[in-house]
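Chains, contacts and geometry: an overview
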Amino acid sequence: MSKKINIFMPCDEANHVCDKSQYKEASLLEKIKLNLHLIYCKACRGYSKNNAKLTKRIEAAELECLDPKCKEDMKKDLEKALKEQLH
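What counts and what doesn't
- Residues numbered from 1 in each chain as written.
- Predicted model: local features only at pLDDT ≥ 70, side-chain atom pairs only at ≥ 80, totals over all residues.
- Heavy atoms only, no water.
- Helix = DSSP H or I, 4+ residues; strand = E, 2+ residues; numbered from the N terminus.
- Rg over C-alpha atoms; globule rule 2.2 N^0.38 Å.
- Buried < 20%, exposed > 50% of the residue type's maximum accessible area, 1.4 Å probe, protein only.
- Lys, Arg positive; Asp, Glu negative; His and termini not counted.
- Charge placed at Lys NZ, Arg CZ, Asp CG, Glu CD.
- Core = buried A, V, L, I, M, F, W, Y, C linked by side-chain atoms within 4.5 Å.
- Contact = heavy atoms within 4.5 Å.

Our next topic: the overall build of the protein. Within the protein, the regular secondary structure consists of four helices and zero strands. Each helix (α) and strand (β) of the protein, taken in turn from the N terminus, gives the series α-α-α-α. Whereas a compact globule of 87 residues would reach a radius of gyration of roughly 12 Å, the protein reaches 20 Å, over 25% beyond that. Once the C-alpha set of the protein is aligned to its principal axes, its extents read approximately 60 × 40 × 20 Å. Expressed as a percentage of the 87 residues in the protein, the buried residues total 16%. Where the 18 positive side-chain charges of the protein centre and where its 14 negative ones centre are 10 Å apart.

Right, let's talk about the nonpolar core for a bit. Grouped together as the largest cluster of nonpolar side chains are nine residues: M9, A14, V17, C18, A26, L34, L38, C41 and C44. Listing elements by their share of this core, those giving two or more residues are α1 (11–22) and α2 (28–40). For this core, the element with the most residues is α1, which contributes three residues. Non-local contacts of L34, meaning those with residues more than four positions away in its chain, are made with M9, A14, V17 and C18.

Here it is as structure tokens:
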């Protein structure tokens, strides 16, 4: 027996796939289903449009992240400060 593929998705799933697509983690089938959903769902088209704007602005900002060693040092300092505060 062949498996039936449902091409329709609810809005919450469409928004999740939209987020995955933004980070290039969505499969081809998910992208196709999302685009079909966007044809008939105005709310999700708005969500997708806002996601695209956000992605462009983040990329344009050229943000720099802390290196892992610096993050770990900050975490240790915070834990130490919290312990001192509790005692």
